[in-house]
Amino acid sequence: MDFSVSEEQRMLRDSIAKFIQQNYDFHSRCELVGSETGFSAAHWQLFAELGWLSVPFREEDGGFGGSAVDLMLMMEAFGQGMVVEPILPSVVLSGGLIAAAGSEVQKRDMLGALMAGRLQLAFAFSEPQSRYNLANIKTRAELQGDSYVLSGQKSVVLNGGAADVLIVAARTSGGQLDDNGVSLLLVNADTDGLVRQDYATVDGHRASEITFDKVRLPATDLLGEAGGALPVIERTVDRVSLALCAEAVGAMEVAYRKTVEYTRTRKQFGVAIASFQALQHRMADMFIECEMARSIVIMAALQLDAHNGIAPRAVSAAKSRVGRAARLIGQEAVQLHGGIGVTEELDIGHIFKRLTTVQYMFGSTDHHTRRFASL
Amino acid sequence: MNIDYSPEELAFRREVRDFLQAKLPPGTRRKVLDGLPLIKSDHVNWQKILYEQGWAAVNWPVEYGGTGWTPTQKYIWANECAMAGAPEVVPFGMKMVAPVIYTYGNQEQKHRFLPGILSSDHWWCQGYSEPNAGSDLASLTTSAVRDGDSYVVNGTKTWTTLGHYADWIFCLVRTGGPGVKNQEAISFLLIDMETPGITVSPIITLDGLHEVNEVHFDNVRVPLENRIGEEGRGWTYAKMLLTHERTGIARVAQSKKRLQTARELASNTSHGDGIEDDESLMRVPSFAQKVAAIEIELLALEFTELRTLSAVSTGQAPGPESSILKIKGTEVAQAIDELYVEIAGYYGLPFVKAQFGGEYEGPWVGPGAAANSAPRYFNNRKTSIYGGSNEIQKNIICKAVLGL
């Protein structure tokens, strides 16, 4: 057992921290969030050049190594800056699916471009009725000759607007809730019959509603085995959940530190409000929650890397625990800031928003507590 | 970072398992697994078996008889002991006063006291708290006044756990007069419990049992050579004692075993709304989720402890996360105590003291584990109060970590 961070990992973390310090103050982030695309293409290129987009991938796929611990350290560092570039949906989630299910040709063509910053991806899986059940899919792809004909609706597709290619989870067989019969299809964003409604999300990111009306695709645009995609999706979503949890740990640390800082400068009744024990203990609780969350994320990352079969349970433990911590820290950060905490003017409210959405993506706290209990 | 055991560590685990299987007395094991109180001989016999094996003092430096184990080995040892139902080490000698003696004591004191602690021939108890000095420990008033080659000690110590078994007590006493700053007026004395003028009176806790005591000192003469280190420096030594023993403070291994047992009990307890055998409490979603939430908390706690151990093993001071262990360790253990009461249901009510207080021959009321469920829950409310209450721990976090 070893909990130390390697020299390489330390450098990765430090270089992201430096980038954030130099490029990602609150004002700059607000400008990116309000921009047309919602993130910076220049930053994205820089991420590619610095190798950050390669971190989630194995060396044989041209990546940095692909360990969950590396991914955790990277996402935690991004979380500290509340970075809005679509690393999670494009690289970790969609890229993760290609790495897990793609043919050698698909991997060579797409992962290379993804890591070079030339390709944006999105994974269209959730539907209005599916909530957190990854098998609950109505969208169907009928094989007609050497084509698939795809019809259905996908909801809240993260990075859907920027994606050049969508990976769509569709039924090629089976009923709406069946484990078997789920397939992954690669769909160019400009394909006829695909209609996108792009929008901003409450946490400063972007997503889309996407409908497919008899979209015709070559049968070769299948990613992985027809009908057998669910296990791949589950494994990949577990890795993404871990990455999201790590991002949340970074954001939580910033939230409690900023709260401590603020209470030391804010004066009421003639003294800094940090001198009140009623507030001090609440900040101690924020710190405790953050460290408990950090610990369980480390646990989950190590279990993912150990490939010992208990990773799904470990990830659900982490998502459940991080969800609780994110809720407490986000709410308390706002409460301790007082009125200014509920305005758009200060970063703390934006951290609170992201700490809210992380609780509801890829399975809520309750969902993962139940999943943990059932595994 | 990695989580795997090396082949050497796996071999060590095998060795520990075999040892526990062969040497742990079955009667003691049964009591531990059923959550029943142990008597003095249960502890002493087991400690002597460990002493024979060379495993009595897990954390001591090797030169004084310690094991020299790595943090991972200590972690394996703690887990295997808990899973096997081995008694926990009574901390007062082995984990509290011994580190103070080998760190601050003189050669003569080390020779005189450490062997008796290692072999468990001497039972130690702790003289810190007083009736009017709890969380504000430095306000203690037990006085030690020099008279020739002795101190004359007067005052009262309280919450003295298992003081009625003890041969020796380590005490914080006030040697400085009025006007001397609290933290410079306190000295650390080792006192023979046989000394004239000491009386021990029991305090009965909420479980109806006698575990803690008041210890009264009435003109008790203590030789000067029983003082550790310098006069007036006792507060420094006392703080070292309080922070030294980080390994195991969260009692993760015990909680893991207790939660596993609770889960088994709940699986064998009917939820009452069905008549089939599989209609168990674990099938009630709200109950199963409560168990899951505690297990998740325990995982977070376990890895917080492992992070601390890892930092210490690489020569770093324990990080800020170590201050969390006491708070979360007691909260999780108390939550598990409550689960036992909930599982017991109506059978949490019968208070048949002999059933959980010692040997019992009569007809057993209720399931075995139910007997001690509520008393243990009541008793263990102490854990978030003792050793620096959890609120004091939060003050420490605010000061030492958050800079408030």
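In what follows, the structure referred to is the one given above.
This write-up is about the structure you can find in this document. Model, not experiment: these values are computed from the prediction. (Residues numbered from 1 in each chain as written. Chains lettered and ligands numbered in written order. Predicted model: local features only at pLDDT ≥ 70, side-chain atom pairs only at ≥ 80, totals over all residues. Heavy atoms only, no water.)

### A word on the overall build of chain B
Check the secondary structure of chain B and you find 14 helices and eight strands. Here chain B has a C-alpha radius of gyration of 22 Å; the compact-globule value for 404 residues is 22 Å, and the two agree. C-alpha atoms of chain B, sized along the principal axes, occupy 75 × 50 × 50 Å. The 404 residues of chain B split such that 49% are buried. Put simply, of all contacts in chain B between residues at least 6 apart along the chain, 71% involve residues at least 24 apart. Approximately 18300 Å² of chain B is accessible, and the part contributed by carbon and sulfur atoms is 53%. (Helix = DSSP H or I, 4+ residues; strand = E, 2+ residues; numbered from the N terminus. Rg over C-alpha atoms; globule rule 2.2 N^0.38 Å. Buried < 20%, exposed > 50% of the residue type's maximum accessible area, 1.4 Å probe, protein only. Contact = heavy atoms within 4.5 Å. Areas by Shrake-Rupley, 256 points an atom, 1.4 Å probe, with all protein chains shown as cover.)

### Some remarks on the environment of A:Phe19
All names here are of chain A. Note that Phe19 resides in helix 1 (residues 7-23). Sequence separation of Phe19 and Ser374 is 355 residues, and the distance between their C-alpha atoms is 41 Å. Other than its neighbours up to four places away in sequence, Phe19 contacts Tyr24, His43, Leu46, Phe47 and Trp52.

### Digging into the interface of chain B and chain A
In this complex, chain B contributes 39 residues to the contact, which on the side of chain A involves 41 residues. The junction of chain B with chain A conceals about 3500 Å² of combined surface from both sides, 70% of it contributed by carbon and sulfur atoms. Summed over the three residues of chain B that lose the most area to chain A, namely B:Met1, B:Ile296 and B:Arg307, the buried surface amounts to 22% of that side. Measuring nitrogen to oxygen at the nearest pair gives 2.7 Å for the salt bridge that ties A:Asp285 to B:Lys394. Sort the elements by how many residues they give to the side of chain B that touches chain A and helix 9 (residues 285-313) of chain B lands first, with 15 residues. (Buried area = accessible area lost by both parts, 1.4 Å probe. Salt bridge = Lys/Arg side-chain N within 4 Å of Asp/Glu carboxyl O.)

### So, the pairing of strand 4 (residues 168-174) of chain B
Residues and elements named next belong to chain B. In terms of residue burial, strand 4 counts as a mostly covered element, since seven of its seven residues are buried. Pairing of strand 1 (residues 124-127) with strand 4, which is carried by four bridges, proceeds in the parallel orientation. When the sheet's bridge partners are listed, Cys125 is paired in strand 4 with Ile169. Across seven bridges, strand 4 lies against strand 5 (residues 186-192) in antiparallel orientation. Bridging from a neighbouring strand, Leu172 pairs with Phe188 of strand 5. (Pairing = 2+ DSSP bridges.)

### Description of the environment of B:Pro363
Assignment of secondary structure puts B:Pro363 in the loop between helix 11 (353-357) and helix 12 (368-371). For B:Pro363, a relative accessible area of 71% gives the class exposed.

### Observations concerning the nonpolar core
As a rule of thumb, nonpolar side chains are buried together in soluble globular proteins. By size, the foremost hydrophobic cluster in this structure holds 142 residues, and its most contacted members are A:Met74, A:Ile87, A:Met252, A:Ile296 and A:Phe362. If we ignore the near neighbours within four places in the chain, the residues touching A:Phe362 are A:Leu88, A:Leu93, A:Phe125, A:Tyr132, A:Leu158, A:Val237, A:Val240, A:Ser241, A:Leu244, A:Lys319 and A:His368. Judged by nonpolar contacts, the second largest core, of 70 residues, contains B:Phe12, B:Met94, B:Tyr102 and B:Ala138. (Core = buried A, V, L, I, M, F, W, Y, C linked by side-chain atoms within 4.5 Å.)

### Details of the side chain of A:Arg29
All names here are of chain A. Structurally, the position occupied by Arg29 is in helix 2 (residues 26-34). The charged side chain of Arg29 is buried without a salt bridge, its nearest counter-charge being Asp203 at 6.6 Å. Polar side-chain contacts of Arg29 include one of 3.3 Å to the backbone oxygen of Asp203. Once residues lying within four places of it in the same chain are set aside, the contact partners of Arg29 are Tyr24, Gly81, Met82, Val84, Asp203 and His350. (Lys, Arg positive; Asp, Glu negative; His and termini not counted. Polar contact = N/O pair within 3.5 Å; in protein donor to acceptor, adjacent residues only side chain to side chain.)

### A look at helix 8 (residues 277-306) of chain A
All names here are of chain A. The first and last C-alpha atoms of helix 8 sit 43 Å apart over 30 residues, in line with the 44 Å expected at 1.5 Å per residue. Taking burial as the measure, the 30 residues of helix 8 include 24 buried ones, the bulk of the element. His307, located one to two residues past helix 8, shows a positive phi value of around 45°. (Expected span 1.5 Å × (residues − 1).)

### With respect to the pairing of strand 4 (residues 165-171) of chain A
All names here are of chain A. Counting buried residues in strand 4 gives seven out of seven residues, a clear majority hidden from the surface. Burial along strand 4 is two-sided: the residues Val165, Ile167, Ala169 and Arg171 and Leu166, Val168 and Ala170 are all buried. Examined bridge by bridge, strand 1 (residues 121-124) and strand 4 share four bridges and lie parallel to one another. By the bridge assignment for strand 4, Ala124 is matched with Val168. With seven bridges joining them, strand 4 and strand 5 (residues 182-188) adopt antiparallel strand pairing. By the bridge assignment, Ala170 is partnered in strand 5 with Ser183.

### Observations concerning the pattern of salt bridges
Residue and element names in this part refer to chain A. In this structure the tally under the stated criterion is 45 salt bridges over all chains. A salt bridge links Arg294 to Glu76; the shortest N-O distance between them is 2.5 Å. Of this pair, Arg294 sits in helix 8 while Glu76 sits in helix 4 (residues 68-81); the two residues are 218 residues apart in sequence, bridging distant segments of the chain. Of the two residues, Arg294 and Glu76, both sit in the buried class. Asp198 serves as the salt-bridge partner of Arg196, at 2.9 Å between the closest nitrogen and oxygen.

### Some details on empty space enclosed by the protein
The tally for this structure, following the rule as stated, stands at four cavities of 30 Å³ or more. Estimates place the volume of the largest cavity at around 160 Å³. Mapped by element, the contributors of at least two residues to the lining of the largest cavity are helix 3 (40-53) and helix 5 (91-104) of chain B. With three residues, helix 3 of chain B is the largest single contributor of residues to the lining of the largest cavity. Residue composition of the lining of the largest cavity, grouped by class: seven nonpolar, five polar and no charged. A volume near 90 Å³ is recorded for the second largest cavity. For the second largest cavity, the full set of lining residues is A:Met75, A:Phe78, A:Gly79, A:Val83, A:Glu85, A:Pro86, A:Ile87, A:Leu88, A:Pro89, A:His205, A:Glu247 and A:Arg354. (1 Å grid on protein atoms, 1.4 Å probe; cavity = no way out; pocket = protein on both sides within 12 Å on 5 of 7 lines; lining within 4 Å. Points joined across faces, edges and corners; volume = space filled by probe spheres on them. Nonpolar A, V, L, I, M, F, W, Y, C, P; charged D, E, K, R; others polar.)

### Examining the packing of helix 1 (residues 7-23) of chain B against helix 3 of chain B
All names here are of chain B. The interhelical angle for the contact between helix 1 and helix 3, taken along N-to-C directions, is 135°, at an axis separation of 12 Å. Considering their axes alone, helix 1 and helix 3 lie oblique with respect to each other. Crossing angle aside, the handedness with which helix 1 passes helix 3 is right-handed. Residues Glu15, Phe19, Leu20 and Lys23 of helix 1 form the contact with helix 3, whose participating residues are Trp46, Ile49, Leu50 and Gln53. Among the residues forming the contact of helix 1 with helix 3, the class breakdown is five nonpolar, one polar and two charged. (Axes fitted to C-alpha atoms, helices over the stretch in contact; angles between N-to-C directions. Parallel < 35°, antiparallel > 145°, perpendicular 65-115°, else oblique. Left-handed = near helix turned anticlockwise from the far one by under 90°.)

### Side note on the packing of aromatic side chains
Residues and elements named next belong to chain A. Tallied over the full model, the rule gives 31 aromatic pairs over all chains. Geometrically, the ring pair formed by Phe19 and Phe47 is edge-to-face, given 5.2 Å between the ring centres and 85° between the ring planes. Taken together, the residues span a long stretch of sequence, with Phe19 in helix 1 and Phe47 in helix 3 (residues 41-49) at a distance of 28 residues. With centroids separated by 5.7 Å and ring planes inclined at 75°, the aromatic side chains of Trp52 and Phe78 adopt a geometry described as edge-to-face. In this pair, Trp52 sits in the loop between helix 3 and helix 4 while Phe78 sits in helix 4, placing the two residues 26 residues apart along the sequence. (Phe/Tyr/Trp six-rings, centres within 6.5 Å; stacked < 30°, edge-to-face > 60°.)

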